[in-house]
Structures are given as C-alpha cells and as structure tokens.
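# A structural walkthrough
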Amino acid sequence: MSGLARLGWVLILLSAPLTTTFAAESEAVSAAPRPCTQITEFSQFDFWLGEWAVHTADGTLVGSNRIQKEPGGCALVERWTNSTGGTGLSINYYDPQSQQWVQDWVGADGSLILIRGGLTEDGSMLLEGTLTNVGEGTTNRFRGRWTLLEDGRVRQAFEVSPDKGATWDEWFVGFYRRNAEPE
C-alpha cells in the first residue's frame, strides 16, 4: 500500500466517530460485494466441494481431500493428503478473460500441475496443460477429468502424455466419497 493510501486510511479512521463499534464494522465488511457469487461460471466446479475419502477402483483408500470455496467464492482450494502422508495443494478458479477454469497444483513430491479448460457436454470438468516433475526435471502434457457420478461420488481421472499428446497413459483414477458417508 502506498504511503498516500495509508495516510488516507489513517485520516478516515481518525475521523470516524468514537461510538463506532466492532460489530458495525464487521457488518460492513460482511456486506461487501462478492461478485464471484453472482457469476454462474464460478459455481460450475462446486460438485467437487467437500471433505472426501479417495479410493481406487478396487476400493483401496489412497487419501483424503478437502475442497473449500475461498476467498469470497472466487476459488476452490484443495488440500490433499495421501495414505502415506504426502500432501499437495491446488487453487482452482474461473478465469473470465479466457472463459476457462484453471488449476494450479503444487505437491510435496515436487509435482507441479498447471491445467485449464471447462465443462464438457456431459457435465464433466476437463482441464488440460502440463505436469512438471521437479526432481526429474521433466514436463509432459497432462489432463484431468472430474465427473459427478449418479451416486454422489466424484470420479477423478488423470492422464499423462509422454509424446506431446500423440498418446495418453492413465496416471491416476480415484473415486471421491464424502466423509459423511459410511465406508
């Protein structure tokens, strides 16, 4: 914040009546506009929100994931922990300029994912871009698809291409089940 802007805030605060309460200030902050909640595209990935247990197709528990909407409804923040304690974090948001969803992932294992895309005709979220393995110094084409299943689970399928998109290999397929549901 520039010095002039800080001075402006100081003058505003000093000129406020002494009777102003914290509750009134909190109410004003809460009433601040949240434009992302008013734009439909920002809710397209909401089917992924929640606390999840993640299993492979054979039922093996591979980790847990928490996806929350933050800040002010403008982004989904993912916090992943696998069954061996590895972690990762992603931020997912709708970019109105490109009219695409963006995921930027950083894993403790040195995996970096940057993918973008959007909803397909069947309602799946399909994002494509790159997967970088910092330890190996490699970058490959990468894509992920999230599909809401009829039973309320979400299927997440990742593929990697070692040949710039000519062929694709399965990288990970997981089935998300809400933690509130019995195992």
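Residues numbered from 1 in each chain as written. Predicted model: local features only at pLDDT ≥ 70, side-chain atom pairs only at ≥ 80, totals over all residues. Heavy atoms only, no water.

## A word on the overall build of the protein chain
Applicable threshold: Counting from the N terminus, the helices are the DSSP runs of H or I reaching at least four residues and the strands are the DSSP runs of E reaching at least two. Buried residues are those whose accessible area, probed at 1.4 Å on protein chains only, stays under 20% of the maximum for their type, while exposed residues exceed 50% and partly exposed ones sit between those limits. Residues count as neighbours in contact if any of their non-hydrogen atoms are within 4.5 Å of one another. Surface exposure here means Shrake-Rupley accessible area, sampled with a 1.4 Å probe, where a residue is shielded only by the protein chains that are shown.
Across its full length, the protein chain carries two helices and 10 strands. In the protein chain, which comprises 183 residues, the share counted as buried stands at 31%. Excluding contacts between residues fewer than 6 apart, the proportion of contacts in the protein chain whose partners are at least 24 apart in sequence is 30%. Of the roughly 11,200 Å² of accessible surface on the protein chain, a fraction of 57% belongs to carbon and sulfur atoms.

## A few points about the sheet that holds strand S1 (residues 50-55)
Hydrogen bonds between backbone groups are what pair the strands of a sheet, and the pairing can be parallel or antiparallel. For clarity, the threshold we go by: Two strands qualify as a pair provided DSSP detects at least 2 bridges between them. For every element, the axis is a line fit to its C-alpha atoms; helices are fit only across the contacting stretch, and the angle between N-to-C directions ranges from 0 to 180 degrees.
The strand order around the closed barrel formed by 10 strands is S1-S2-S3-S4-S5-S6-S7-S8-S9-S10, and the pairing between neighbours is antiparallel. Each strand of the sheet is rotated relative to its neighbour by a mean of 25°, with strand direction disregarded. Of the pairings in the sheet, the one linking S1 to strand S2 (residues 61-70) comprises six bridges and is antiparallel in character. Within S2, the position partnered with Val-54 by the bridge is Gly-63.

## Focus: the packing of aromatic side chains
So the rule is basically this: Ring pairs are drawn from Phe, Tyr and Trp, using the six-membered ring of Trp, whenever the two centres fall within 6.5 Å, and their geometry is named by plane angle: stacked under 30 degrees, edge-to-face over 60, tilted for the rest.
Considering all chains together, one arrives at 14 aromatic pairs under this definition. Judged by centre distance (5.6 Å) and plane angle (85°), the rings of Trp-146 and Phe-158 are edge-to-face. With Trp-146 in strand S8 (residues 138-148) and Phe-158 in strand S9 (residues 154-161), this pair connects stretches of sequence that are 12 residues apart. As far as burial versus exposure is concerned, Trp-146 and Phe-158 are alike and both buried.

## Some details on the nonpolar core
Spelled out, the test is: Each nonpolar core is a collection of buried residues, namely Ala, Val, Leu, Ile, Met, Phe, Trp, Tyr and Cys, held together in the definition by side-chain atoms within 4.5 Å.
Grouped together as the largest cluster of nonpolar side chains are 26 residues, with contacts concentrated most on Phe-45, Trp-48 and Trp-146. Mapped by element, the contributors of at least two residues to this core are S1, S2, strand S3 (75-82), strand S5 (100-107), strand S6 (111-119), strand S7 (125-133), S8 and S9. Excluding anything up to four places from it in sequence, Trp-146 contacts Phe-45, Phe-47, Trp-48, Gln-103, Ile-115, Ser-124, Met-125, Leu-127, Val-154, Arg-155, Gln-156 and Phe-158.

## Thoughts on a nonpolar patch on the surface
Formally: Patch members must show over 30% relative accessible area and no salt bridge, and they are joined within 9 Å when carrying like charges or within 5 Å when they are nonpolar side chains of Val, Leu, Ile, Met, Phe, Trp or Tyr. The salt bridge criterion pairs a side-chain nitrogen of Lys or Arg with a carboxyl oxygen of Asp or Glu, the two atoms within 4 Å.
On the surface, a cluster of nonpolar side chains totalling about 240 Å² of accessible area is made up of Val-106, Leu-112 and Val-134. Take Val-134: it is sitting in the loop between S7 and S8.

## Some points on the pairing of strand S4 (residues 87-95)
Relative to S4, S3 runs antiparallel, the two sharing six bridges. Bridged to Arg-79 within S4 is Leu-89. Linking two consecutive strands that pair antiparallel, namely S3 and S4, is a turn of four residues; a positive phi of about 100° is found at Gly-85 within it. The loop that links S4 with its antiparallel partner S5 comprises four residues; one of these, Gln-99, has a positive phi angle of about 60°.

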